[in-house]
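Chain by chain, the residues run as shown.
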Amino acid sequence: DTAVSQTPKYLVTQMGNDKSIKCEQNLGHDTMYWYKQDSKKFLKIMFSYNNKELIINETVPNRFSPKSPDKAHLNLHINSLELGDSAVYFCASSPAEGFGSPLHFGNGTRLTVT
Amino acid sequence: SQQGEEDPQALSIQEGENATMNCSYKTSINNLQWYRQNSGRGLVHLILIRSNEREKHSGRLRVTLDTSKKSSSLLITASRAADTASYFCARSSNTGKLIFGQGTTLQVKP
C-alpha cells in the first residue's frame, strides 16, 4: 500500500495551460506539504497544510493554488503554466506540524512545460 | 542561502568501501535529518539527530552532529551497489520548516 501517492507521475503540457496534481496520504498524518525540486535537485518547500489549514506559503507565484478538501488530500492547481514551472513536484506528509517531524514523500510528478 | 551546503556534490566508490557525506548549515537547528532519493523516486527518511545529540547509528549508517561547527556527516559503511542514490540533509529550524541541502550523489560501483 502506497503511503503517499500522487498523480499523475508525468505531466507534459504547453505554456498557458492549467493543470492539477493530486496527492493522497493514508498514514493518518495531520500535515501535508508540496515541495518543488529543480533540475539541480534543490528541494524547496512551497506550501504546508495542517488539518486542512494553510500553515506555510512560501514565495510562490499566485498561479499556484493548493487545495485541501480533507486532511488526507492536498492538491496543487497551477494556472497559466510557464516554462520555468518545469520541475518535479513532491507531495509529503508528517505526523505533526512544525518542529521537524520526518517527512514521508510521494514519488513525485515530473512536470514538463513546452 | 538558507539551504545547507553538502559536500561533496558527487562521490564514486567501490562496493565495500565506506562513503562519507558532509552537511553544513548557518543557523540554529532543532534537529537535522538525512534522506535518500533513488532515481525517479521520492525522498526516504533515513535518520534524525537532535541538536543535543552527537552521534546516532542505524544499521550501516552513522550520523554525527557538531553544533559548534554547524555541521553533520553521514557515514555509510561497507557500501553496496543498492546504496547508489542521492543523499540529502535537512535541518529543522524553530519555524518548523525543513530546509534541504542540495544533496550528494553517491555511486557505488559493483
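I will try to describe carefully the structure that is included in this document. Since the model is a prediction, treat every value here as computed from it, not as a measurement.

All right, on to the overall build of chain B then. Regarding its fold elements, chain B presents 0 helices and 11 strands. Listed N to C, the secondary structure of chain B is β-β-β-β-β-β-β-β-β-β-β in terms of helices and strands. In terms of overall dimensions, chain B is globule-like: its C-alpha atoms have a radius of gyration of 13 Å, near the 13 Å expected for 110 residues. Dimensions of chain B, computed from the C-alpha atoms along their principal axes, are close to 40 × 25 × 20 Å. Expressed as a percentage of the 110 residues in chain B, the buried residues total 47%. Taking the intrachain contacts of chain B between residues at least 6 apart in sequence as the baseline, contacts between residues at least 24 apart amount to 55%.

To continue, consider the overall build of chain A. Of regular secondary structure, chain A possesses 0 helices and 11 strands. Mapped from its N terminus to its C terminus, chain A presents α and β elements in the order β-β-β-β-β-β-β-β-β-β-β. In terms of overall dimensions, chain A is globule-like: its C-alpha atoms have a radius of gyration of 13 Å, near the 13 Å expected for 114 residues. Here chain A holds 114 residues, and 44% of them are scored as buried. Of all intrachain contacts in chain A linking residues separated by at least 6 positions in sequence, the fraction that spans at least 24 positions is 54%. Surface summary for chain A: the accessible area is close to 5700 Å², and the carbon and sulfur share equals 48%. The centroid of the 12 positive side-chain charges in chain A is displaced by 7 Å from the centroid of its 11 negative side-chain charges.

What follows concerns the interface of chain A and chain B. Every contact between the two is made by 20 residues of chain A and, on the other side, 22 residues of chain B. Regarding the contact of chain A and chain B, the summed buried area is about 1700 Å², with carbon and sulfur atoms giving 52% of it. Seen at the junction of chain A and chain B, the total is 6 residue pairs in polar contact (both at pLDDT 80 or more). Among the residues forming the side of chain A that touches chain B, the class breakdown is 10 nonpolar, 6 polar and 4 charged.

In this section: the sheet that holds strand 3 (residues 19-24) of chain B. Residues and elements named next belong to chain B. Strands sit in the order 1-3-8-7-6 across an open sheet of 5 strands; the sheet is antiparallel. Taken across any chain shown, the strands that pair with only one partner, and hence form the sheet edges, are strand 1 (5-7) and strand 6 (55-58). Ignoring which end each strand starts from, the neighbouring axes of this sheet average 15° apart. Pairing between strand 1 and strand 3: 3 bridges, direction antiparallel. Bridge pairing in strand 3 places E6 opposite C23.

Attention now moves to the state of the cysteines. Applying the stated criterion across every chain yields a total of 2 disulfides over all chains. What pairs with C23 of chain A in a disulfide is C91 of chain A, and their sulfur atoms sit 1.8 Å apart. Measuring handedness by torsion sign, the sulfur bridge of C23 of chain A and C91 of chain A sits at about -75° and is left-handed. With C23 of chain A in strand 3 (residues 19-25) and C91 of chain A in strand 9 (residues 87-94), this pair connects stretches of sequence that are 68 residues apart. Both residues of the pair, C23 of chain A and C91 of chain A, belong to the buried class. Between the sulfur atoms of C23 of chain B and its disulfide mate C89 of chain B the distance is 2.0 Å. Disulfide C23 of chain B-C89 of chain B: torsion about the S-S bond near 65°, hence right-handed. Within this pair, whereas C23 of chain B is found in strand 3, its partner C89 of chain B is found in strand 9 (residues 85-92), the two being separated by 66 residues in sequence. By the burial criterion, C23 of chain B is buried, and C89 of chain B matches it.

The rules behind these values
- Residues numbered from 1 in each chain as written.
- Chains lettered and ligands numbered in written order.
- Predicted model: local features only at pLDDT ≥ 70, side-chain atom pairs only at ≥ 80, totals over all residues.
- Heavy atoms only, no water.
- Helix = DSSP H or I, 4+ residues; strand = E, 2+ residues; numbered from the N terminus.
- Rg over C-alpha atoms; globule rule 2.2 N^0.38 Å.
- Buried < 20%, exposed > 50% of the residue type's maximum accessible area, 1.4 Å probe, protein only.
- Contact = heavy atoms within 4.5 Å.
- Areas by Shrake-Rupley, 256 points an atom, 1.4 Å probe, with all protein chains shown as cover.
- Lys, Arg positive; Asp, Glu negative; His and termini not counted.
- Charge placed at Lys NZ, Arg CZ, Asp CG, Glu CD.
- Buried area = accessible area lost by both parts, 1.4 Å probe.
- Polar contact = N/O pair within 3.5 Å; in protein donor to acceptor, adjacent residues only side chain to side chain.
- Nonpolar A, V, L, I, M, F, W, Y, C, P; charged D, E, K, R; others polar.
- Pairing = 2+ DSSP bridges.
- Axes fitted to C-alpha atoms, helices over the stretch in contact; angles between N-to-C directions.
- Disulfide = S-S within 2.5 Å.

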